[in-house]
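Next come the chains, spelled out residue by residue.
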Amino acid sequence: MLDRTQFYFAALCCALAPAAWCGATFSFESAPGRLPKNVVPISYDVRIVPDADALRLTGTESVQLQFRAATATVQFNSLNETLNHVLLDGKPVKSVTSNDEQQLTTVTLTRPVSGLHTLSFSYSGKIETQPQGLFAQKYTKPGGGQAVLLSTQMEATDARRMFPCWDEPSFRAYFHLTVTVPKAWATVGNMPIARRTVHGELATVSFLRSPKMSSYLVEFTAGDLRDVSAARDGTRFSVWAVAGHEQDGAVALASAQDILADYNEYFAHPYPLPKLDSIAVPGGFSGAMENWGAITYNDRVLLVSPSSTMQNRQTVFSIQAHEMAHQWFGDLVTMGWWDDTWLNESFASWLAAKETAARNPAWRWWEQEDESRESAMAADARATSHAIEQHVTNELEALNSFDSDITYSKGEALLRMLEAYIGEDVFRQGIRSYIKNRAYSNAAAADLWNALGQASGKNIPAVAAPWIEKPGFPLVSVNAACDSSGNRSVTLRQKRFLLNGGSANAAEWQVPLRIRTGTAAPRTVLLDAREQKTAAGRCDEPLSVNADAVGYYRVQYDADTLAVNTRAFPSAVDGDRIALLDDQWALVGSGEAPLQNFLALASSMGADRDARAWQQIVRALAIIEYAERGAPRYQTFAAYARALIKPVADELGWDALPTETPDVGDLRDTLLRDLSRWDDQATIGEARRRFAAFIQDPHGVSADAQATLLAIVGQNADAATFAQLHALAKGAKDDTFMQRCYMALARVRDPELARQVVQIALSDEIPPQANTLGLRLIFTLAREHPRLSWDTYIANQDQLMKSVGSDGRALVIAQQTPVAYWDALPLDQLEGWAHANTPKGVSDNLARGMETAHHLAAQKQALVKAADAYLASAKQAAR
Ligand SMILES: [Zn+2]
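Rules used throughout
- Residues numbered from 1 in each chain as written.
- Predicted model: local features only at pLDDT ≥ 70, side-chain atom pairs only at ≥ 80, totals over all residues.
- Heavy atoms only, no water.
- Helix = DSSP H or I, 4+ residues; strand = E, 2+ residues; numbered from the N terminus.
- Rg over C-alpha atoms; globule rule 2.2 N^0.38 Å.
- Buried < 20%, exposed > 50% of the residue type's maximum accessible area, 1.4 Å probe, protein only.
- Contact = heavy atoms within 4.5 Å.
- Pairing = 2+ DSSP bridges.
- Axes fitted to C-alpha atoms, helices over the stretch in contact; angles between N-to-C directions.

When you go through the protein chain residue by residue, the secondary structure sums to 27 helices and 27 strands. Against the globule reference of 29 Å for 879 residues, the protein chain gives a C-alpha radius of gyration of 28 Å, in line with a compact fold. Going through the 879 residues of the protein chain one by one, you find that 59% of them count as buried. The contacts in the protein chain between residues at least 6 apart in sequence include a share of 70% that link residues at least 24 apart.

Structure representation (structure tokens):
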């Protein structure tokens, strides 16, 4: 459908802007997809009667259709469903065929029709046991005993498993859902309940009709659930959990109200539904899903119990902020097709970070987000990386487009860079007009760039498009020249940055650089050529070409400029220091800078205690320590690494100060864990002493301190300590605490005890709501016992991955397996296994996973060499 608004803005845009701006704006006609566009759904009326015990559902459906051209063929999606009594306007059709391989049903009418008609049928289908379509999740009730609840996960292509539908995002329609469930159950859907009728042991619940939306946003949850709720600014908020856990929703309930108020203001388009439910789903449901008006979360990322840590709270807030951003970017305005999944995900990730930072200044959130930016850049530096905007020909391949590093984190970093380039207010103005223009409809990338371009008066499409249409990012090299009075000019050059250095290809970007000289405010320079010159302060001043670490690119300084920056390092602006550490470490990895440059920065930290900078240093040391294991100079390196971080650890101590910010607590945890890993006997001894006290008085150790304490004790456990930890896990009343204890066991160094971890991970002592824990235990075990973990993993993959569903399993094999096991067996064997076990649809992901595995293996050799040389030269210098 081409609605009027869309036609108007397409015309306006073409009149005002160069032709290139208009090429790829959304149009229903040209949106990709498999379903024919000559028949479109206007409104669905779906009634289902699920039988959770039998894992079957029966239903009836009536769809009002617009035949846009005369045809006798109607085609839509279905999977594992049998349709009966198929009627058009109450009269039998000629024939119906369903093809589960194609996931399509074709209805042939007795004659061609056009205009408005109603297709109706009854049907039966399956309830899944994994989060795909309508699924049943078993769990242990807080008071003991087993129970089951029903919930849904439709994105990307699983609404068709619950009811036959036009299951592509551009087919927006109204949904009217009615369900019949046990009368004791609570029911939640996208919209408030319109009517509830009890008959015998059952209740039939009808929800209000939804707004016009995409099928992947349909939601329905039912079970023995309770909620906590509140109302603000005309919206009713509820947080739902299995009965007995509802009070753990109080923190999320408060945050949801704050976040919605902020977003109502940001978008200048108030949240359009009367209510917003947040639902905690136990079990293998991963992350969260932004269903309009009824967001589902894995219970671990929504509920906050007395056992939750600050990190748990941060996760809850930031994921809420992400899912709620989708209520606009995704639900109100939806990408036209799965190749623009990033439009949803990048934006939600960026706004969530911005909101989390704004509402919680003490969390120093952008510094935390630097870690996800780094992860994205590591993934994007692979020769096999892909563009953010990814071609998806068939919606069954949509899975490929959900890639947390590229679709989420790279996109987030790009939007942040663009916002800094055009300014916060102008950026928001562009977003507001995009939302206004595209509300209740779909969009493509160009719609967003056009809105931002019009708001800023800058050629945003030209700047932004290459970043999303091409893989990778630039390495900007900086070569300074000084004139006779000490003024500096720099020559800036760009080439694509690759993991292994390699040769530069022809890729070129328009790079909005932020340049700071000394401590001045940064200025923006758009690098839009292969080579460019600009003035850059005085030669003796430090220079940052990625001020505040806002940009998504790497910088390599010439030797003299790096020396000036290293001297000024302790007093550098935090963000500039972070960018320099990130880049120097990446350049070590790509072979374009010596390790000693990075270690020189680490040694110049002096008394500075910036948490993110120390995290970066410790992380690098941990990678080298792992590489050195088994090498002749291991002990020398471990002693060097301990000596570098010990003063910081001693200063922070074991106990949090009431005034400290969460990043300091995180740093303490990292330092203590690594000191334990690097065999620091004082740290291990103190952990044992504290654990003995904890056993006497569990309330004496805060939730925040517990995770690290238990991890250190678990790592160094003997049989008696292991048994104590195991007993704590089995006896835990609280799921968060239970998982913490089990995860501590999986860190154990003792090989005999490691075998016990395997038995535990495969046993049925882990309750069903924690059914992904077995897999996580085996992956964690890989750090200390790679081969044992690998053998267990391949011998028990069906059992371990049962909880994650077939899509999840494909991604675990293609993406996580190579990174977890690169050091467990020869890479050709690893690759052979992964190829034999990976479905075709994710073969690109596997190629990327294997490139990382090869890089890690090569880096290990290089790091040992470089670290040994550095230690030898340091010893020489000390003589
Ligand atoms: Zn998302």
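Spatially, 24-23-26 is the arrangement adopted by the three strands of the open sheet, whose pairing is antiparallel. With one partner strand each, in any of the chains shown, strand 24 (523-527) and strand 26 (543-544) form the two edges of the open sheet. Pairing of strand 23 (residues 511-517) with strand 26, which is carried by two bridges, proceeds in the antiparallel orientation. Counterpart to Arg516 in the pairing with strand 26 is Ser544.

Pairing within the open sheet is mixed, and its five strands lie in the order 14-15-16-18-17. Strand pairing shows two members of the sheet lacking a second neighbour, strand 14 (225-232) and strand 17 (288-289), which therefore form its edges. The strands that helix 3 (residues 250-267) touches are strand 14, strand 15 (235-242) and strand 16 (275-281); relative to strand 14, the one it contacts most, it runs at about 35 degrees. Helix 4 (residues 310-326) contacts strand 16, strand 17 and strand 18 (294-298) of the sheet and is inclined by roughly 145 degrees relative to strand 18.

Attention shifts here to the side chain of Arg514. Its location among the elements puts Arg514 in strand 23. The exposure class assigned to Arg514 is buried, which follows from its relative accessible area of 17%. Excluding residues that lie within four positions of it along the chain, Arg514 makes contacts with Ala420, Pro522, Arg523, Thr524, Ser544, Val545, Asn546, Ala547, Asp548, Val550 and Tyr553.

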